[in-house]
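Commentary on secondary and tertiary structure
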Amino acid sequence: MAEITAAMVKELREKTDAPMMECKKALTEADGDLAKAEEILRVKLGSKASKAAARVTAEGIVALHIAGNRASMVEVNCETDFVAKNEDFLGFSDSVAKLVCGGTVASVEALGGHAIAGGTVESQRTALIGKIGENISVRRFTVTEAKGKLYSYIHGGAKIGVLIDLVGGDDNLGRDLAMHIAASKPKSLDSSGVDPSIIETERRIATEKAAESGKPAEIIAKMVEGSVQKFLKEVTLLGQVFVKAEDGKQTIEQLLKARGASIASFTLYIVGEGIEKKANDFAAEVAAQAAAARAA
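Below is a short write-up of the structure. (Residues numbered from 1 in each chain as written. Predicted model: local features only at pLDDT ≥ 70, side-chain atom pairs only at ≥ 80, totals over all residues. Heavy atoms only, no water.)

Summing up its helical and strand segments, the chain has twelve helices and eight strands in all. Among the 296 residues that make up the chain, the fraction classed as buried is 37%. At a minimum sequence separation of 6, the contacts of the chain that also span at least 24 residues come to 61%. With an accessible surface of roughly 16,200 Å², the chain has 54% of that area assigned to carbon and sulfur atoms. (Helix = DSSP H or I, 4+ residues; strand = E, 2+ residues; numbered from the N terminus. Buried < 20%, exposed > 50% of the residue type's maximum accessible area, 1.4 Å probe, protein only. Contact = heavy atoms within 4.5 Å. Areas by Shrake-Rupley, 256 points an atom, 1.4 Å probe, with all protein chains shown as cover.)

Structure (structure tokens):
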């Protein structure tokens, strides 16, 4: 049996908002497996116990560049929000987005050797680190060749970036859809783009919750399928209810059909998504420095 430490309980609580005792019980049942404990809490407490995926912990910005029918979007990370607003950091990020938009960069790994003003991406990155005093990295990028017309949206101090390729429709629709994506954060265009492992996790959780009802097997099967379909509507763009729907019911799929339009593709970047940033205990750090000074 794995030892359940206070730190483990604290980490699970921060991820789920569940009560401390519930977190400890879940970790004990899961033999210390954090991911399994999260699933257990979701079965017991519902969807509230899964906010980890939406939590953003790293700093940086999303930079966009559009040139004709081609567009690029880049996530550039740094250590603090203060540096994310630095003019030199912003200039570097914009230069990388412009370079990537040219379509000659094959991958993030290959990016460093490409030339930008005054040197290469890597030499400029290294120089910027020396000047600013923080680590800086280009995490990811995407390049879109439009089948229709490109629309973009940057939100929250460039913490969220959206790029959408809309076929048909008009500019108002394009802007509305980009803003909807930033607000609702779909995982994919439709269910075919959702990771099967995520669907399987939802199905397993729904099955365990439905089993507690004590209803007949055929009813439980329908309950499980209903839960999975509800989940897919919430995380796929076409299934989501349009944020500006006057009746509060019109889905994106229905909106597009009414406007004679379709979405060829979209990309959503959220700065730091999926990255866990170490939390610093400032008081402990000061105390440690003071102790070191006394010892010296």
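Our focus in this paragraph is the sheet that holds strand S8 (residues 262-270). Pairing in this open sheet of three strands is antiparallel, and the strands run S6-S7-S8 from one edge to the other. Single-partner strands in this sheet number two, and they are strand S6 (149-155) and S8. The sheet shows a mean angle of 10° between the axes of neighbouring strands, taken without regard to direction. Across eight bridges, strand S7 (residues 160-167) lies against S8 in antiparallel orientation. Within the sheet, the bridge partner assigned to Ile164 lies in S8 and is Phe266. With respect to the sheet, helix H8 (residues 171-184) is in contact with S6, S7 and S8, its orientation differing from that of S7 by roughly 140°. (Pairing = 2+ DSSP bridges. Axes fitted to C-alpha atoms, helices over the stretch in contact; angles between N-to-C directions.)

Another aspect to go through is the packing of aromatic side chains. Geometrically, a pair of aromatic rings is defined through the distance of the ring centres and the angle of the planes. Going through the model one piece at a time under the given rule, you end up with zero aromatic pairs. The cationic tip of Arg140 hangs over the ring face of Tyr269; the distance from NZ or CZ to the ring centre is 4.1 Å. (Phe/Tyr/Trp six-rings, centres within 6.5 Å; stacked < 30°, edge-to-face > 60°. Lys NZ or Arg CZ within 6 Å of the ring centre and 35° of its normal.)

Turning our eyes to something else, we now look at the pairing of strand S2 (residues 70-78). Of all nine residues that make up S2, eight are buried, and the element is covered over most of its length. When strand S1 (residues 59-67) meets S2, the two strands line up antiparallel, connected through nine bridges. If you follow Gly60 over to S2, its bridge partner there is Asn77. Counting the residues in the hairpin turn of S1 and S2 gives two residues, including Gly68, whose phi is positive at 65°. In this sheet, strand S5 (residues 137-145) lies alongside S2 in antiparallel orientation, the contact comprising eight bridges. Looking across to S5, one finds that Glu75 is bridged to Arg140.

With that settled, consider H8. Between the first and last C-alpha of H8 there are 20 Å, a value that for 14 residues agrees with the 20 Å anticipated at 1.5 Å per step. The complete set of buried residues in H8 reads Leu173, Gly174, Asp176, Leu177, Ala178, His180, Ile181 and Ala182. On its buried face, H8 is in contact with S6, S7, helix H11 (252-259) and S8. If you check the start of H8, you find a side-chain oxygen 3.3 Å away from the backbone N of Asn172, and it comes from Asp170. Trailing H8 by a residue or two, Lys185 shows a phi angle of about 50°, which is positive. (Expected span 1.5 Å × (residues − 1). Polar contact = N/O pair within 3.5 Å; in protein donor to acceptor, adjacent residues only side chain to side chain.)

With respect to the helices and strands, Val162 occurs in strand S7. Its relative accessible area of 0% is what places Val162 among the buried residues. Between the C-alpha atoms of Val162 and Leu64, which are 98 residues apart in sequence, the distance is 8.9 Å. Not counting the four nearest positions on each side in its chain, Val162 is found in contact with Leu64, Met73, Tyr151, Ser152, Tyr153, Ala178, Ile181, Ala182, Thr267 and Leu268.

Attention now goes to the pattern of salt bridges. Applying the stated criterion across every chain, the model contains 14 salt bridges. A salt bridge links Asp171 to Lys149, with the nearest nitrogen and oxygen atoms 2.9 Å apart. Within this pair, whereas Asp171 is found in helix H8, its partner Lys149 is found in strand S6, the two being separated by 22 residues in sequence. On the basis of relative accessible area, Lys149 is assigned to the partly exposed category, the value being 43%. The salt bridge involving Lys244 is made with Asp176; its shortest N-O contact spans 3.2 Å. You can see Lys244 sitting in the loop between helix H10 (217-235) and H11 and its partner Asp176 sitting in helix H8, a full 68 residues away along the chain. Exposure remark for Lys244: the relative accessible area of 52% places this residue in the exposed category. (Salt bridge = Lys/Arg side-chain N within 4 Å of Asp/Glu carboxyl O.)

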